[in-house]
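# Examination of the molecular architecture
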Amino acid sequence: MKTYDLIVIGTGPGGYHAAIRGAQLGLKVLAVEAAEVGGVCLNVGCIPTKALLHAAETLHHLKAAEGFGLKAKPELDFKKLGTWRDGVVRKLTGGVAGLLKGNKVELLRGFARFKGPKEIEVNGETYGAKSLIVATGSEPMPLKGFPFGEDVWDSTRALKVEEGIPKRLLVIGGGAVGLELGQIYRRLGSEVTLIEYMPEILPAGDRETAALLRKALEKEGIRVRTGTKALGYEKKGDGLHVLLEPAQGGKQEEIVVDKVLVAVGRKPRTEGLGLEKAGVKVDERGFIQVNARMETSAPGVYAIGDVARPPLLAHKAMKEGLVAAENAAGKNALFDCQVPSVVYTGPEWAGVGLTEEEAGKAGYKVKVGRFPLSASGRALTLGSAEGLIKVVGDAETDLLLGVFMVGPQAGELIAEATLALEMGATVTDLALTVHPHPTLSESLMEAAEALHKQAIHILNR
Ligand SMILES: Cc1cc2nc3c(=O)[nH]c(=O)nc-3n(C[C@H](O)[C@H](O)[C@H](O)COP(=O)(O)OP(=O)(O)OC[C@H]3O[C@@H](n4cnc5c(N)ncnc54)[C@H](O)[C@@H]3O)c2cc1C
């Protein structure tokens, strides 16, 4: 049996971070991958969706640029777009494979199964290690009444725009994946209807900024139906007849579309892994149970990323990978950080920390500062003054508790808010920081000023 200090199962964002950090700390590391290096994020998640969003946004901006006199008749070659998207993916996955090799991580292609607490089997061979990190990720959650197939797509199928743009698309699910892919198809020419079961899109985030994003999407012609569920469909000559019903029950209705995209969430991938042989416990939703050191119920076995717990985000998986590898190397690392989340639509949505509601429930005396991008000089010069930055603070201590925003580059701006939370910044600290002018980032400073009723570019009421 070949033995290692550390075996990592899966080379998605979580797995490759763990493998590289383990090697940096002097461990002899084996990484096992059943499919493509880079996992979901690089191959069929973050990266290809962002590439398509960028192409769709460029097309959209060209149309908006008519307002300042730029006339063009853009034509998008979907085949070329697909080739470019694949090129971006290949470059990045090749980069990860190179980093693994450069760090002397051994890469083994095959499907890993536990044989015992410290042993796995891959392609009929046994491999053992002192520590193991499970980073097997997640897969699309199926929806009752909509089995995946030619007419019902998962996110991976939806990425293949070169295979044709449906005239009418129904997106089920108002989370990041549904919103991003829905907007891509709208901007590439589909009529898009998006339904969400909960009363507002992005149900886990701040309601006010989520509602602003919904309105921006509706302005582009995406029909957003909240508080609605899809029951099933029937294929007829003129398309798919989908049955909808209010979330609480009531009058049913039918809509006719050409394709359905199901984006209702993801489920942890543990099937066939033999976790029971290692003594690794999962919870009722199928996530592997872990503590703040990323340890499972089996000593020496860690779990990270989508297979361990929500939120299902790449940067969360990456950080958890570092924590698990450091602990496998004998350090004492904890996952105790702020995790921002971003929706890469145009405008973008981003948030970190506590929402107004959560802060209130946690016992804070909540104060909120708002700054609309319609008052931002930079936003106007970019031709996109839609949006809002919202700062949540504690009235008693002035401590910053959360930041939520919708607008261009929100995903970039949220990093500053995340640093502020990590540093224990007060709202005053944010307001005292000189931000370059004119930039979108100034609006964060002004939202902090607005919380104290001292913003300059809006009237403080
Ligand atoms: C369309 C879409 C867009 C997304 N966009 C974003 C985004 O913009 N930002 C963001 O933060 N997150 C995004 N995500 C989520 C992000 O992709 C995941 O959170 C992230 O990939 C999780 O990383 P992971 O390492 O836990 O697992 P994964 O990336 O799922 O990787 C797991 C790997 O393990 C391998 N594997 C599984 N079982 C075995 C086995 N038994 N043996 C060997 N190998 C195995 C798999 O083949 C896979 O390569 C998106 C997801 C989707 C679907």
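Residues numbered from 1 in each chain as written. Predicted model: local features only at pLDDT ≥ 70, side-chain atom pairs only at ≥ 80, totals over all residues. Heavy atoms only, no water.

## Structural notes on the state of the cysteines
In this structure the tally under the stated criterion is one disulfide. Note on cysteine connectivity: Cys 41 is disulfide-linked to Cys 46, with sulfurs 2.2 Å apart. One quick way to see it: the torsion about the S-S bond of Cys 41 and Cys 46 is about -125°, and its sign makes the bridge left-handed. Residue Cys 46 is classed as partly exposed on the basis of its relative accessible area, which comes to 26%. (Disulfide = S-S within 2.5 Å. Buried < 20%, exposed > 50% of the residue type's maximum accessible area, 1.4 Å probe, protein only.)

## Describing the packing of aromatic side chains
Here a ring pair, both rings aromatic, is described through the centre-centre distance and the interplanar angle of the planes. The full count for this structure, using the stated rule, is three aromatic pairs. Relative to Tyr 233, the ring of Phe 146 has its centre 5.6 Å away and its plane inclined at 20°; by these criteria the two rings are stacked. Placement of Phe 146 in the loop between strand E7 (138-140) and strand E8 (152-153) and of Tyr 233 in strand E12 (residues 228-236) is noted, with a sequence separation of 87 residues between them. Ring geometry for Trp 349 against Phe 404: centres 6.4 Å apart, planes inclined by 40°, an arrangement best described as tilted. With Trp 349 in strand E19 (residues 348-353) and Phe 404 in strand E22 (residues 400-407), this pair connects stretches of sequence that are 55 residues apart. Here Trp 349 matches Phe 404 in class, with each residue buried. The ring of Tyr 4 has Lys 28 sitting right over it, with the charged end atom 4.8 Å from the ring centre. Lying across the ring of Phe 335, Arg 309 places its NZ or CZ 5.2 Å from the centre. (Phe/Tyr/Trp six-rings, centres within 6.5 Å; stacked < 30°, edge-to-face > 60°. Helix = DSSP H or I, 4+ residues; strand = E, 2+ residues; numbered from the N terminus. Lys NZ or Arg CZ within 6 Å of the ring centre and 35° of its normal.)

## A closer look at the side chain of Thr 11
Inspection of the secondary structure assignment puts Thr 11 in the loop between strand E1 (2-9) and helix H1 (13-24). Not counting residues up to four positions away in its chain, the partners in contact with Thr 11 are Tyr 16, Ala 31, Val 32, Glu 33, Glu 36, Val 37, Gly 38, Gly 39, Leu 100 and Leu 107. (Contact = heavy atoms within 4.5 Å.)

## Focus: the pairing of E1
Pairing of E1 with strand E6 (residues 125-134) involves seven bridges; the strand directions are parallel. What sits directly across from Val 8, in E6, is Ile 133. The pairing of E1 with strand E2 (residues 29-33) spans four bridges and is parallel. Along E2, the bridge assignment pairs Val 8 with Ala 31. Between the parallel pair E1 and E2, the chain is carried across by H1, and the sense of this crossover is right-handed. (Pairing = 2+ DSSP bridges. Right-handed = clockwise from strand over helix to strand, strands pointing away.)

## So, the site of the ligand
Neighbouring the ligand are 39 residues; Gly 14, Glu 33, Lys 50, Asp 306 and Ala 314 lie closest to it. Separating an oxygen atom of the ligand from a backbone N or O atom of Cys 41 is a distance of 3.3 Å. Here the ligand, which alone exposes 1000 Å², has 95% of that area covered by the protein. Considering each element in turn, the shell around the ligand owes the most residues, four residues, to helix H2 (residues 39-44). Looking at the shell around the ligand residue by residue, the class counts come to 19 nonpolar, 14 polar and six charged. (Near = heavy atom within 4 Å. Polar contact = N/O pair within 3.5 Å; in protein donor to acceptor, adjacent residues only side chain to side chain. Areas by Shrake-Rupley, 256 points an atom, 1.4 Å probe, with all protein chains shown as cover. Nonpolar A, V, L, I, M, F, W, Y, C, P; charged D, E, K, R; others polar.)

## Observations concerning the pairing of strand E14 (residues 253-257)
As a general feature of sheets, a regular strand has side chains that alternate between the two faces. Here strand E13 (residues 239-246) runs beside E14; their pairing, made up of five bridges, is antiparallel. Bridge pairing in E14 places Val 242 opposite Ile 255.

## A short note on the sheet that holds strand E18 (residues 341-343)
On the basis of which strands lie adjacent, the open sheet formed by five strands has the order E18-E19-E22-E21-E20 and antiparallel pairing. Here the strands that pair on one side only, and so sit at the sheet edges, are E18 and strand E20 (366-372). Each strand axis lies, on average, 10° off the axis of its neighbour in the sheet, ignoring direction. Packed on one face of the sheet, helix H14 (residues 442-451) meets E20, strand E21 (388-394) and E22 and runs near 135° to E20. (Axes fitted to C-alpha atoms, helices over the stretch in contact; angles between N-to-C directions.)

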